[in-house]
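Residue-level structure breakdown
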Amino acid sequence: MPWTSIFADRRSRHTFIYSKSSVYVFPPLINRYGKRFSIAELIAAGHVSFYSNGKRPSENIDIISIYQTSPLSGSRIPKINPRTGEFTGGMHTNYGSFSSSKYEEKEVNIAHNSESEEDKDEEEEKEKEENTKHYSSMDSYNSDERPQAPSRSRSRPRYRRPSRRTGNSYWVALITVGTPGQPFYVLPDTGSSDFWVPGVTCGNLCGGTHVFNPNASSTYVPWDKDFFLFYVNGASINGTFANDTVDIGGISISHQPFAIVNSAIGVAGVEFDGILGMAFPAAAVGGENPVIYSMYLAGKLKLPIFTFWFEPVPTGSDTGELILGSYDTTKFVGCFTYVPVNIQRHWQFIADSISLSVGSNTTTIATSFRAAFDTGYSIAFVGPVVYVNTIYEMLEAVFDPTFGLYAIDCHTKPLSTFPNISLTISGVPFVLTPPMYTLIFGNSSSYMCYVLIQAIDVPDDDTDIWIFGTFFMNRFYTIFDMQKNRIGIARSSLYSVIQTEPITLPTNQ
């Protein structure tokens, strides 16, 4: 591998050395107190060197000369999650800590956003103050209210997400970019903030069927800024930022920053053209406002919200709704339960508990944990390994390596005998019955019941986050409130509709 640069994920503390042919991943270093440090930030601070003489690199590193080709083994060597490619632990050291005074503002080929402890404490105090606000499910909007701009800070995404494909299922939306508008089918993603579409040079490597041609748009304005994203499953995308007109459902915003992807690894084969990030501005790689926030701040939306509704058992191509600035009263029943966003980067919150119940017997799995609603996932939820393994045991689920999912015995036992799963938010339980968290693959004579629950540790600061995807969300109607920084959830009008026939087994994953 020729000369290259080093990248670090500021949350998981993994270090990545990226090349056109490979991605090298280094686990974090864990000190005696359990705090994680990325190898990249320690190199930047002068605490660690790739060289035996301890010198600090003044230029890009020739990794070939120092790469350890043979695998290591031992009880203190961190294991690798085969499905995400992420280390589940780190390399331990008896060293107590590292002096932050050694950091310099100058960056030496290491793309890593660090923040001082003082800045972090100040930010946490502000977030704590925001989280003391209580929102009633009966809150309403005054049409005369003027949206206030949300606070912004530049940082890396809050958590790094694993591979999200399950059963080849996606929810996509049609948008246009440029003048005249060039169409793209994009994945609306509440778990990220950047908007990207494939460029002409990316071709089939970016998946989908549409590419953006800057020469065909009269409103295109280039932006001399690089765009790069790396995913834990090994996928990565490279490109450049630009500005142009973006239209979603007849709502247009001009001079919107977005990324044109010129090269990609591990993305070929996806059926969508790009990703429309709908999380907070602070999670944007380039520090730009996401499309939905640009529309909100420009006064393009009737209300400072966007809402999702998914049909639980799709019957055609138009089986979901994304509404910008309003909501559909025919798609939910009862009142909304609101929960404040605890950290304004992704749509995450503090859940009360998650539990399993059969009849009057209830087993609480976890309490007071960080959670997020993420439309980029097509499963019910992802949870920390230690907790989800308990759920697997209670379901007597068995892992199927062919599809990377756990299956339950629905042949000798009816689904109704399995536990309900309840996620309690702001004191209100939101319940999934067994048919609501399982997917039946096969045909009437031969089928398998798979549990759409995954056990993956997804780091978020000093803990692991639970991520609830569209297979959970399709039982509920969700409101994402950009002005009050909260999420509303109500039971879907089609909550009780369940799968009655097996679906055809997917041919690829």
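Residues numbered from 1 in each chain as written. Predicted model: local features only at pLDDT ≥ 70, side-chain atom pairs only at ≥ 80, totals over all residues. Heavy atoms only, no water.

**A word on the overall build of the protein chain**
The secondary structure content of the protein chain amounts to six helices and 33 strands. For the protein chain, the exposed surface amounts to about 23200 Å²; the carbon and sulfur share of it is 50%. (Helix = DSSP H or I, 4+ residues; strand = E, 2+ residues; numbered from the N terminus. Areas by Shrake-Rupley, 256 points an atom, 1.4 Å probe, with all protein chains shown as cover.)

**A word on the UniProt feature "active site" (unreviewed entry) in the protein chain**
The feature "active site" (unreviewed entry), as annotated in UniProt, sits at Asp189 and Asp374 in this numbering. Of the residues just listed, which span 186 residues, no C-alpha pair is farther apart than 6.6 Å, and they cluster in one region. Only 2.9 Å separates the side chain of aspartate 189 from the backbone nitrogen of glycine 191, close enough to count as a polar contact. Topologically, aspartate 374 is positioned in the loop between β20 (361–373) and β21 (381–383). At 2.8 Å, the side chain of aspartate 374 and the backbone nitrogen of glycine 376 are in polar contact. (UniProt positions renumbered as here; feature names shortened; annotations may be inferred. Polar contact = N/O pair within 3.5 Å; in protein donor to acceptor, adjacent residues only side chain to side chain.)

**So, unusual backbone geometry**
Most of the time, phi is negative for any residue but glycine, and the peptide bond is trans. A cis amide bond links threonine 179 with the next residue in sequence, proline 180, at an omega value of -5°. Mapped onto the secondary structure, proline 180 falls in the loop between β8 (173–177) and β9 (182–189). We note that histidine 255 has phi near 55°; this positive angle belongs to a residue other than glycine. Inspection of the secondary structure puts histidine 255 in strand β13 (residues 251–265). Although it is not a glycine, asparagine 485 sits at a positive phi angle of roughly 50°. Its place among the elements puts asparagine 485 in the loop between β32 (476–481) and β33 (486–492).

**Considering the state of the cysteines**
One pass over the structure, following the stated rule, counts two disulfides. Bridging cysteine 202 to cysteine 206, the disulfide has an S-S length of 1.8 Å. Every disulfide takes its handedness from the sign of the S-S torsion; for cysteine 202 and cysteine 206 that torsion is 85°, giving right-handed. Here cysteine 202 falls in the buried class, since its relative accessible area comes to 3%. (Disulfide = S-S within 2.5 Å. Buried < 20%, exposed > 50% of the residue type's maximum accessible area, 1.4 Å probe, protein only.)

**Quick notes on a nonpolar patch on the surface**
On the surface, Val172, Leu174 and Tyr185 cluster together into a nonpolar patch covering about 270 Å² of accessible area. Mapped onto the elements, leucine 174 comes out in strand β8. (Patch = residues over 30% accessible without salt bridge, like charges linked within 9 Å, V, L, I, M, F, W, Y side chains within 5 Å. Salt bridge = Lys/Arg side-chain N within 4 Å of Asp/Glu carboxyl O.)

**Examining the nonpolar core**
The nonpolar side chains of soluble globular proteins are, as a tendency, buried together. Of all hydrophobic cores here, the largest spans 91 residues; its most connected members are Phe195, Trp347, Phe373, Trp466, Phe468 and Phe472. Considering each element in turn, this core owes the most residues, six residues, to β20. With sequence-adjacent residues up to four places away left out, phenylalanine 472 is seen in contact with Phe373, Ile379, Ala380, Leu423, Phe430, Leu432 and Ile489. One finds Cys202, Ile237, Val261 and Phe272 within the second-largest nonpolar core, a separate group that totals 16 residues. (Core = buried A, V, L, I, M, F, W, Y, C linked by side-chain atoms within 4.5 Å. Contact = heavy atoms within 4.5 Å.)

**Regarding the pattern of salt bridges**
Close approach of charged atoms allows side chains with opposite charge to pair. Counting across every chain of the model gives four salt bridges. As a salt-bridge pair, lysine 331 and aspartate 328 come within 3.2 Å of each other at their nearest N and O atoms. Note that lysine 413 is salt-bridged to glutamate 396, the shortest N-O span being 3.3 Å. Of this pair, lysine 413 sits in the loop between β23 (405–408) and β24 (420–425) while glutamate 396 sits in the loop between α4 (385–395) and β22 (398–400); the two residues are 17 residues apart in sequence, bridging distant segments of the chain. Lysine 413 sits in the partly exposed class, given a relative accessible area of 30%. The network of salt bridges with common partners includes Glu321, Asp328 and Lys331.

**What about α4?**
Listing the buried residues of α4 in full gives Val388, Ile391, Tyr392 and Leu395. Viewed along the axis of α4, the buried residues span an arc of 100°, placing them on a single side of the element. Pointing more than 90 degrees away from the buried face of α4 are the exposed residues Val386 and Glu393. Within two residues after α4, glutamate 396 carries a phi angle of roughly 55°, on the positive side. (Arc of directions from axis to C-beta.)

**A short note on the sheet that holds β32**
The strand order across the open sheet formed by five strands is β16-β15-β32-β33-β17, and the pairing between neighbours is antiparallel. Unpaired on one side and paired on the other, β16 (320–324) and β17 (332–340) mark the two borders of the sheet. Direction aside, the axes of adjacent strands within the sheet are offset by 15° on average. (Pairing = 2+ DSSP bridges. Axes fitted to C-alpha atoms, helices over the stretch in contact; angles between N-to-C directions.)

**A short note on the environment of valine 25**
Here valine 25 shows up in strand β3 (residues 23–26). For the pair valine 25 and alanine 8, spaced 17 residues apart in the sequence, the C-alpha separation amounts to 9.5 Å.

**A word on the environment of leucine 423**
Within the secondary structure, leucine 423 sits in strand β24. Sequence spacing of leucine 423 and serine 353 is 70 residues, and the spatial spacing of their C-alpha atoms is 6.0 Å. The residues touching leucine 423, leaving out its near neighbours within four places in the chain, are Ala351, Ser353, Phe369, Val428, Pro429, Phe430, Phe468 and Phe472.

**Some points on the packing of aromatic side chains**
Applying the stated rule across the entire model yields 37 aromatic pairs. Aromatic side chains phenylalanine 349 and phenylalanine 373 sit 5.1 Å apart centroid to centroid with 40° between the ring planes, which places their arrangement in the tilted category. Within this pair, whereas phenylalanine 349 is found in strand β19 (residues 347–358), its partner phenylalanine 373 is found in strand β20, the two being separated by 24 residues in sequence. Phenylalanine 349 sits in the buried class, given a relative accessible area of 0%. Taking 4.9 Å as the distance between ring centres and 35° as the angle between the ring planes, the aromatic pair formed by phenylalanine 369 and tryptophan 466 counts as tilted. (Phe/Tyr/Trp six-rings, centres within 6.5 Å; stacked < 30°, edge-to-face > 60°.)

**Concerning the pairing of β19**
In terms of residue burial, β19 counts as a mostly covered element, since nine of its twelve residues are buried. Pairing analysis gives two bridges linking strand β18 (residues 343–344) to β19, with the strands arranged antiparallel. Considered in β19, the bridge of glutamine 344 is made with tryptophan 347. Joining the antiparallel neighbours β18 and β19 is a turn of two residues.

**Some points on the sheet that holds strand β27 (residues 447–451)**
Strand order across the open sheet formed by four strands is β22-β23-β27-β26, with antiparallel pairing between neighbours. Every interior strand has two partners, whereas the edge strands, β22 and β26 (438–442), have only one. Adjacent strand axes in the sheet meet at a mean angle of 45° when their direction is disregarded. Bridge count between β23 and β27: three bridges; the pairing is antiparallel.

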